[in-house]
Amino acid sequence: MRQIAFREAIREAMNEEMRRDDRVFLMGEEVAEYNGAYKVSQGMLAEFGPKRVIDTPIAELGFTAIGVGAAQNGLRPIVEFMTWNFAVLALDQILNTASKMLAMSGGQISCPIVFRGGNASAGQLGAQHSTAFESYYANIPGLKVVSPSTPYDAKGLLKQAIRYEEDPVMFMESEVMYGDKGEVPEEEYYIPLGKADVKKTGRDVTLVAYNKMMKVALATAAELEKEGVSAEVVDLRSIRPLDWQTILESVKKTNRLVIIEEQWPMCSVSSEIAYRIQKEGFDYLDAPVRRITSADAPMHYAPNLAAAYLPDVTRTVKIVKEVMYAKK
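Presented here is a report on the structure given in the accompanying data block. (Residues numbered from 1 in each chain as written. Predicted model: local features only at pLDDT ≥ 70, side-chain atom pairs only at ≥ 80, totals over all residues. Heavy atoms only, no water.)

## Comments concerning the overall build of the protein chain
Link 1 in the chain: Secondary structure assignment for the protein chain yields 12 helices and 14 strands.
Link 2 in the chain: Relative to the compact-globule value of 20 Å for 328 residues, the protein chain shows a C-alpha radius of gyration of 20 Å, a close match.
Link 3 in the chain: Looking at the protein chain as a whole, 55% of its 328 residues are labelled buried.
Link 4 in the chain: Contacts spanning at least 24 positions in sequence make up 81% of the contacts within the protein chain whose residues lie at least 6 apart.
Link 5 in the chain: Taken as a whole, the protein chain presents about 13,800 Å² of accessible surface, with 54% of it coming from carbon and sulfur. (Helix = DSSP H or I, 4+ residues; strand = E, 2+ residues; numbered from the N terminus. Rg over C-alpha atoms; globule rule 2.2 N^0.38 Å. Buried < 20%, exposed > 50% of the residue type's maximum accessible area, 1.4 Å probe, protein only. Contact = heavy atoms within 4.5 Å. Areas by Shrake-Rupley, 256 points an atom, 1.4 Å probe, with all protein chains shown as cover.)

So, in C-alpha cells, the structure goes:
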C-alpha cells in the first residue's frame, strides 16, 4: 500500500487501462496541453500523444456526441467534463442516444463510455457551478452512476468502468477531494459496480452517505462515539445500481437509519433508499428513517449561506439523537 491523492488514483486508473487497451482514449476541455483543469490528466499527453488525449473546444454537446459515436463503433472513450454542471448541455446525447441505443437497436449496439469530472459544490462557486447530479442520472435507465469517496474506491471503480462496463457510466468526482490522500495498493484491482462498502461497523444506528458526504458521516460517527452511540457507516459508492441490500442488512442490526447526501431533497437518492428500506425492512425499524440533504434552493455564493445549505456534522448529530430518542 502507498498513500496517493484522489487525482493520482483517477490518473493511474486511466493510464493503466489506456496502456492495456489502445481502444481507450481521453477527451475533454484542457485534458491535454494544460494537463487537466484539476491536473488529473497530468503527463498523459506526453505518454499517449494527441490522438489519444484530445483537447476539445468548449462545446459539451459536440464532443459528447463524438465520444458516444466512437463508443458505438467499437472504441472505449473517457469523456471528461470540467464540471458536471456543464454536462447538462450534452444531456441530449447522454439521455437520448447513449442510454437508449442498446434498447433501440435490439441489443446490437452498446455504448461502453465513461463520462467523468467534478460534481456538486466546491466552495464559493455560485449556484451554476454547485449542483449535485447523482439523482438526475440515476433516474435514467441504461446509465450507471458512480460516486466514490476515497482514492482506493475511485481507482478500482474507474478501472472497472473503463474495462468491463458495456453501458455508459457516469463517474462523479468532487473537486474538493482531488487532493485527499488514501491508501491504494501497488497491485492491479477492480471494484464491481453496485456494491456498497461498510466503512465503519456499529450497533446503534446506520449512517448512509457517498462522495464527500462520507466525511460528514464519519465525523458524525466519531462525535456520537464520544457519547456512547455506536454508528455503522455505509458508503454507497455506486448510486445506480444501488446496493440497498447492504443497507438493509445494517438496519436489521441497528434498527435505525439516517441518510446524508448532497442532493436537493425532492426525488433524491435518499428518497429511493427510504422507500426501499421501509418496504423491505419495516419490521426492523425502531424509528422513522431520517435524512439530511442540501437545502431545497440554489446554492448561493455567500459563505454563511453555503454553510447553511450543506449537511454538516452538528445537524446530523442532532438528527441521530432524535432517532435514538425514538428508541427509548
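Picking up where we left off.
## Description of the packing of helix α9 (residues 244-254) against helix α10 (residues 269-281)
Link 1 in the chain: The interhelical angle for the contact between α9 and α10, taken along N-to-C directions, is 55°, at an axis separation of 10 Å. Accordingly, the angle class assigned to the pair α9 and α10 is oblique. Our pair here, α9 against α10, has a crossing hand that is right-handed. Residues Trp244, Ile247, Leu248 and Val251 of α9 form the contact with α10, whose participating residues are Ile273, Arg276, Ile277, Glu280 and Gly281.
Link 2 in the chain: Here the contact of α9 with α10 is built from residues that sort into 6 nonpolar, 1 polar and 2 charged. (Axes fitted to C-alpha atoms, helices over the stretch in contact; angles between N-to-C directions. Parallel < 35°, antiparallel > 145°, perpendicular 65-115°, else oblique. Left-handed = near helix turned anticlockwise from the far one by under 90°. Nonpolar A, V, L, I, M, F, W, Y, C, P; charged D, E, K, R; others polar.)

## What to know about the side chain of asparagine 85
Link 1 in the chain: With respect to the element layout, asparagine 85 can be found in the loop between β4 (76-81) and α4 (91-98).
Link 2 in the chain: What makes asparagine 85 buried here is its relative accessible area of 7%.
Link 3 in the chain: At 2.7 Å, the side chain of asparagine 85 forms a polar contact with the side chain of threonine 83.
Link 4 in the chain: Engagement of the side chain of asparagine 85 in a polar contact is seen with the backbone nitrogen of serine 130, the distance being 3.4 Å. (Polar contact = N/O pair within 3.5 Å; in protein donor to acceptor, adjacent residues only side chain to side chain.)

## Focus on the pairing of β4
As a general feature of sheets, a regular strand has side chains that alternate between the two faces.
Link 1 in the chain: Counting buried positions along β4 gives 6 out of 6 residues, so the element sits mostly inside the fold.
Link 2 in the chain: A two-sided burial pattern is seen for β4, the buried positions comprising Arg76, Ile78 and Glu80 on one face and Pro77, Val79 and Phe81 on the other.
Link 3 in the chain: For β4 and strand β5 (residues 114-118), the ladder comprises 4 bridges, and the chain directions are parallel. Note that in β5 the partner of phenylalanine 81 across the bridge is glycine 117. (Pairing = 2+ DSSP bridges.)

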